[in-house]
Amino acid sequence: MSARVLEGRAVAAALKEELGAEVAGRDLELAIVRGGGDEAAEMYARRLESLCEDLGVGSRVVEVAEGASSEEAIGEVEELNADPAVTGILVQLPLPTDLDQTAVIAAVDPAKDVDGVNPENAGRLYLGLPALAPATPLAVLELLHRHEVAIEGRRAVVVGRSNITGKPLALLLLREHATVTVCHTRTADLGAVVREGELVIAAAGRPGLVRGEMVAAGAVVVDVGTNVVDGKLVGDVAYDEVADVASALSPVPGGVGPLTNLMLVRNLLRAGELQGAG
């Protein structure tokens, strides 16, 4: 079996065009709060700023100064909460290690929390109430929907339990009536658990964790992993092995990744609606 490729770039191009039409004429601005010194974080922020510019959305970067206290960082967030020009706030991790990361994230106004990480949004998602959800899980669902992959009634296995990907993705899949198992790198006999999945999402941050022998014939596999190995970006799935047994498989790069920032912009639109903006 040669797996159908769940390609994300064409989906991203179509979604970008759709979002461009939706944001036209709206007064939206994204504030990115981050600590300096992390090269990957700086690159990510530049890409997000570039996307906002392409779409005609305002953006600004707020640097948390080296040596700043948690109180000072929270103060920066509270100023953005109070600024009517700011529609959405993204606290970009990692923050400097001496800051209370949880407290800084909790300080974000839930109505401006475009990455769905504030405890209020996380709690509302858990309860099945309307909420801003994290961008990466939303990107996974968007990829599946655009490729017309059925979710309802299927056994889904999520490999990974992070607060920003694995856990919220499991809740979103439950919302779409999948039967969901969450496992992780410490799961006993991980392969046996993964083989139960008709739909497998790998999001553990371990390159090549999901091997061909771990996947049931005909399963749909989505690779959320972003790992750098020998200077190359690779996923959590051993692509060539899994492509021989899966019915569909997303690549890294070019699968979920191109959609993630676009889902942030979609959340920015939702945030504007919550605030009665635009």
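Just so you know, these numbers come straight off a predicted model, no measurement behind them. (Residues numbered from 1 in each chain as written. Predicted model: local features only at pLDDT ≥ 70, side-chain atom pairs only at ≥ 80, totals over all residues. Heavy atoms only, no water.)

### A look at helix H3 (residues 70-82)
Residue pairs three or four apart in sequence face the same way in an α-helix, which turns once every 3.6 residues.
So, step 1. With 13 residues, H3 extends 18 Å from end C-alpha to end C-alpha; this agrees with the ideal 18 Å at 1.5 Å per step.
So, step 2. For H3, every residue scored as buried is listed here: Ser-70, Ala-73, Val-77, Leu-80 and Asn-81. Taken end-on, H3 shows its buried residues confined to a sector of 110°, consistent with a single buried face. Opposite the packed face of H3, turned more than 90 degrees from it, sit the exposed residues Glu-71, Glu-79 and Ala-82. (Helix = DSSP H or I, 4+ residues; strand = E, 2+ residues; numbered from the N terminus. Expected span 1.5 Å × (residues − 1). Buried < 20%, exposed > 50% of the residue type's maximum accessible area, 1.4 Å probe, protein only. Arc of directions from axis to C-beta.)

### Comments concerning the sheet that holds strand E6 (residues 179-183)
So, step 1. Taken in spatial order, the six strands line up as E1-E11-E8-E7-E5-E6 in an open sheet, and their pairing is parallel. Each edge of the open sheet is held by one strand with a lone partner, namely strand E1 (4-5) and E6.
So, step 2. Where E1 and strand E11 (residues 248-249) come together, two bridges link them in parallel fashion. Residue Val-5 lies in a different strand from E11, and its bridge partner there is Leu-249.
So, step 3. Along the sheet, helix H7 (residues 166-175) makes contact with strand E5 (155-159), E6 and strand E7 (199-202), crossing E5 at roughly 170°. (Pairing = 2+ DSSP bridges. Contact = heavy atoms within 4.5 Å. Axes fitted to C-alpha atoms, helices over the stretch in contact; angles between N-to-C directions.)

### Quick notes on helix H6 (residues 135-146)
So, step 1. Its 12 residues place the ends of H6 16 Å apart at the C-alpha level, agreeing with the 16 Å of an ideal helix rising 1.5 Å per residue.
So, step 2. Within H6, 10 of the 12 residues are buried, leaving the element largely enclosed by the surrounding structure.
So, step 3. Listing the buried residues of H6 in full gives Ala-135, Thr-136, Pro-137, Leu-138, Ala-139, Val-140, Leu-141, Glu-142, Leu-143 and Leu-144.
So, step 4. Following H6 by one or two positions, Glu-148 has its phi on the positive side, about 55°.

### Some points on a positive patch on the surface
So, step 1. On the surface, a cluster of positive charge is contributed by Arg-161, Lys-167, Arg-186 and Arg-206.
So, step 2. One can find Arg-186 in the loop between E6 and helix H8 (190-194).
So, step 3. For Arg-186, a relative accessible area of 72% corresponds to the exposed category. (Patch = residues over 30% accessible without salt bridge, like charges linked within 9 Å, V, L, I, M, F, W, Y side chains within 5 Å. Areas by Shrake-Rupley, 256 points an atom, 1.4 Å probe, with all protein chains shown as cover. Salt bridge = Lys/Arg side-chain N within 4 Å of Asp/Glu carboxyl O. Lys, Arg positive; Asp, Glu negative; His and termini not counted. Charge placed at Lys NZ, Arg CZ, Asp CG, Glu CD.)

### Remarks on a nonpolar patch on the surface
So, step 1. On the surface, Tyr-126, Leu-127 and Leu-129 cluster together into a nonpolar patch covering about 350 Å² of accessible area.
So, step 2. Within the element layout of this structure, Tyr-126 appears in helix H5 (residues 119-126).

### Some thoughts on the environment of Ala-219
So, step 1. Relative to the assigned elements, Ala-219 resides in the loop between E7 and strand E8 (220-223).
So, step 2. Note: C-alpha distance between Ala-219 and Ala-156 (63 residues apart in sequence) is 9.7 Å.
So, step 3. Setting aside anything within four residues of it in sequence, one finds Ala-219 in contact with Gly-197, Glu-198, Val-245, Ala-246, Ser-247 and Ala-248.

### Notes on the packing of helix H1 (residues 9-23) against helix H10 (residues 257-274)
So, step 1. H10 packs onto H1 with a crossing angle of 20° between their chain directions and a minimal axis gap of 9 Å. Regarding the angle of H1 to H10, the classification is roughly parallel. Our pair here, H1 against H10, has a crossing hand that is left-handed. On H10, the residues that touch Arg-9, Val-11, Ala-12, Leu-15, Lys-16, Leu-19, Glu-22 and Val-23 of H1 are Pro-258, Leu-259, Leu-262, Met-263, Val-265, Arg-266 and Leu-269.
So, step 2. Here the contact of H1 with H10 is composed, by residue class, of 11 nonpolar, no polar and four charged. (Parallel < 35°, antiparallel > 145°, perpendicular 65-115°, else oblique. Left-handed = near helix turned anticlockwise from the far one by under 90°. Nonpolar A, V, L, I, M, F, W, Y, C, P; charged D, E, K, R; others polar.)

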